[in-house]
Amino acid sequence: MVIYVIGHKSPDSDSVCAALAVADLKRQLGDDVEARVAGEINSESRFILEKFGVGVPDILEDASGKEIILVDHTDLSQAVVGMENAEIVGIVDHHKLGDVTTSKPLEILVRPLGSTCTIIKGLFDYYEKRISREIAGLMLCAILSDSVIFRSPTTTDEDRRVARELAEIAGIENLEELGMEMFRVKSEVEGVLARDLVMRDYKDFEMGGKRIGIGQLELVDLELVAGIRNELLEEMRKLKDEGRHAVFLMLTDIMKEGTELLCVSDEEGLRERVFGDSEDGWLEGMMSRKKQVVPELEKYFSS
Ligand code: MG
Ligand code: MG
Ligand code: MG
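What you see is a predicted model, and the numbers here were worked out from it, not measured in a lab. (Residues numbered from 1 in each chain as written. Chains lettered and ligands numbered in written order. Predicted model: local features only at pLDDT ≥ 70, side-chain atom pairs only at ≥ 80, totals over all residues. Heavy atoms only, no water.)

Some remarks on the packing of aromatic side chains
Quick note on the threshold: The criterion for an aromatic pair is that two Phe, Tyr or Trp rings (for Trp, the six-membered ring) have centres within 6.5 Å, with stacked assigned to planes under 30 degrees apart, edge-to-face to planes over 60 apart and tilted to the rest. Secondary structure elements follow DSSP: runs of H or I of four or more residues count as helices, runs of E of two or more count as strands, with numbering from the N terminus. Whether a residue is buried, partly exposed or exposed follows from its accessible area with a 1.4 Å probe, protein chains only, as a fraction of its type maximum: under 20%, in between, or over 50%, in that order.
Taken as a whole and assessed by the stated rule, the structure comprises three aromatic pairs. Between F248 and F275, the ring centres sit 6.1 Å apart and the planes meet at 75°, which makes this aromatic pair edge-to-face. Remark: F275 occurs in helix 9 (residues 270-275) and F248 occurs in strand 8 (residues 246-253); sequence separation between them is 27 residues. Of the two residues examined, F248 and F275, each falls in the buried class. Summarising the aromatic geometry, the rings of Y300 and F301 are spaced 5.0 Å apart at their centres and angled 85° between planes, so their arrangement reads as edge-to-face. Under the relative-accessibility criterion, Y300 is labelled partly exposed at 25%.

So, in structure tokens, the structure goes:
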């Protein structure tokens, strides 16, 4: 039976590239494995795949009854439909452990590194398998994307070292330049519906029995969204009314290295209570949903 490797819904570049890299590694190990995505890929991922001449994986609509390797997530709320009825045979991830369960022993590797692809590079080395130029390029870009070109507090020395090794294989000399090129593509907002912007890099979480949505836009300049804040808030409100306790949107300025945190909730003053008072919701130094937003909200909602 074919095994599908797949990342989270609203796929980001780490989810897409990690699925392709694990599929490549597993095929070299003799398994029948195919990469899939959990939805339309974003413009940054499209740019990366084009740059290294790799095709876009098909979308997996329903995981029920399938053998699955999960990458870049373990929360059912972020997984493709039917994951609770799938046979999960492997996990490679760098987030907090979610709520998936398995019926059989599985291969699982979760490490607190800057990207899933950093962990996968270690797997190639462990199994002594060759990394092609294309796969090296994809993994490098995923590391640059997830670590916000090494600016995010999630970045580790291992991410920097692995990125350099992959750049060597991929024939890339200037990482900062490649990273900025990716983030300029990722920052494009013109002509994009406000709903699609909120959903571009969006995740649902279950916290203390409540569903909390957190989206993030990583932008080279917050001026890009200055004119559409109200539209974004309106879409967040609609999303909240679909059964969520609160919806957050991180407007992250990757150059100024901080985030304007938008929040919509029936719970008055929620953002201030959790993240403190701040002028216009600007939080200096906040870059990471995983490390700086989710843990604070988990603490608040589970106490
Ligand atoms: Mg991800
Ligand atoms: Mg990731
Ligand atoms: Mg990210």
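Structure shown, so let's carry the discussion forward.
Observations regarding the nonpolar core
Definition in use: Think of a nonpolar core as a cluster: buried Ala, Val, Leu, Ile, Met, Phe, Trp, Tyr and Cys residues, connected wherever their side-chain atoms sit within 4.5 Å. Every residue pair with non-hydrogen atoms within 4.5 Å of one another is taken to be in contact.
One finds I120, M139 and L140 to be the most contacted residues of the largest nonpolar core, which totals 55 residues. If we ignore the near neighbours within four places in the chain, the residues touching L140 are A163, L166, A167, I172, L175 and L178. Core analysis: the second largest hydrophobic core is formed by 18 residues, A194, L197, L219 and L239 among them.

Some remarks on the environment of C117
Along the chain, C117 turns up in helix 3 (residues 116-126). The spatial distance from the C-alpha of C117 to the C-alpha of D14 is 6.6 Å, given a sequence separation of 103 residues.

A word on the sheet that holds strand 2 (residues 33-36)
For the record, the criterion: In short, DSSP must find at least two bridges between two strands for them to pair. All axes here are fitted lines through C-alpha atoms, helices being fitted over the stretch that makes contact, and every angle between N-to-C directions spans 0 to 180 degrees.
Ordered by their spatial adjacency, five strands build an open sheet running 2-1-3-4-5, and the pairing between neighbours is parallel. Bordering the open sheet on either side are strand 2 and strand 5 (107-110), each of which pairs with just one other strand. Averaged over all adjacent pairs, the angle separating strand axes in this sheet is 25°, with direction ignored. With five bridges joining them, strand 3 (residues 67-71) and strand 4 (residues 87-93) adopt parallel strand pairing. Bridge pairing in strand 4 places I69 opposite G90. Here helix 1 (residues 13-28) sits on the sheet in contact with strand 1 (3-6), strand 2, strand 3, strand 4 and strand 5, set at roughly 175° to strand 2. Packing of helix 3 onto the sheet brings it into contact with strand 3, strand 4 and strand 5, and relative to strand 4 it is tilted by some 105°.

Points about the pattern of salt bridges
A pair can form between side chains of opposite charge whenever their charged atoms are brought close. To keep things clear, this is the line we draw: Just to be clear on terms, a salt bridge is a Lys or Arg side-chain nitrogen sitting within 4 Å of an Asp or Glu carboxyl oxygen.
Scanning the entire structure with this criterion turns up 29 salt bridges. Between E34 and R36 there is a salt bridge, with its nearest N and O atoms 2.8 Å apart. You can call R36 buried: its relative accessible area is 13%. Residues joined by salt bridges that share partners form a network here, namely R195, D204, E206, R211, E242 and R244.

Focus: helix 10 (residues 289-302)
The test is simple: The definition of a polar contact used here is a pair of N or O atoms within 3.5 Å, where within protein one atom must be able to donate a hydrogen and the other to accept one, and adjacent residues in sequence count solely through side-chain atom pairs.
Of all the positions in helix 10, only R289, V293, V294, L297 and F301 are classed as buried. On its buried face, helix 10 is in contact with strand 6 (202-207), strand 7 (210-219), strand 8 and helix 9. Near the N-terminus of helix 10, the side chain that reaches the backbone nitrogen of K290, with its oxygen 3.3 Å away, is that of S288.

Things to note about empty space enclosed by the protein
Rules: Put plainly, a pocket is an open set of points on a 1 Å grid over the protein atoms alone with protein on both sides within 12 Å along at least five of seven lines, a cavity is a set where a 1.4 Å probe fits but cannot get out, and a lining residue has an atom within 4 Å of a point. Grid points are joined across faces, edges and corners, and a volume is the space filled by probe spheres set on the points.
This structure, assessed with the given rule, holds one cavity of 30 Å³ or more. The computed volume of the largest cavity comes to approximately 50 Å³. Lining of the largest cavity is provided by D12, N42, K186, R200, D201, Q216, L217 and E218.

Some thoughts on the packing of helix 1 against helix 4 (residues 133-146)
Packed helices, taken two at a time, are described by their axes: the angle between them and the distance between them. What counts is decided by this rule: In these notes the angle categories are as follows: under 35 degrees is roughly parallel, over 145 is roughly antiparallel, 65 to 115 is roughly perpendicular, and the rest is oblique. Each crossing is labelled by how the near helix is turned from the far one, with a counterclockwise turn of less than a right angle marking it left-handed and a clockwise turn marking it right-handed.
Their axes nearest at 9 Å, the elements helix 1 and helix 4 cross at an angle of 150°. Classified by the interaxial angle, the pair formed by helix 1 and helix 4 is roughly antiparallel. Where helix 1 crosses over helix 4, the handedness of that crossing is left-handed. On helix 4, the residues that touch S13, D14, C17, L20, A21 and D24 of helix 1 are I135, L138, M139, A142, S145 and D146.

Some details on the pairing of strand 1
The condition that has to hold: Orient the strands so they point away from the viewer, and a crossover whose first-strand-to-second-strand path over the helix runs clockwise is right-handed.
Along strand 1, one buried face is formed by I3 and V5 and the opposite face, lined by Y4 and I6, is buried too. Each parallel crossover has a hand, and for strand 1 linked through helix 1 to strand 2 it is right-handed. Looking at chain direction, strand 1 and strand 3 are connected through four bridges and run parallel. Paired with V5 across the two strands is I69, which belongs to strand 3.

Concerning the coordination of the magnesium ion (ligand 2)
Put simply, the rule is: Listed donor atoms are N, O and S within 2.8 Å of the metal (Na, K and Ca: 3.2 Å). As water is not included, a site may look incomplete.
Coordination of the magnesium ion (ligand 2) by the protein comes from D14 (OD), D72 (OD), H94 (NE2) and D146 (OD), over a distance range of 2.1 to 2.2 Å. Counting along the primary sequence, the residues that act as donors to the magnesium ion (ligand 2) give the motif D-x57-D-x21-H-x51-D. The distance between the magnesium ion (ligand 2) and the magnesium ion (ligand 1) is 3.4 Å, with D72 acting as a donor to both metals. With D72 in the loop between strand 3 and strand 4 and D146 in helix 4, the pair connects residues that are 74 residues apart, well separated along the chain. D146 carries the same exposure label as D72, and that label is buried.

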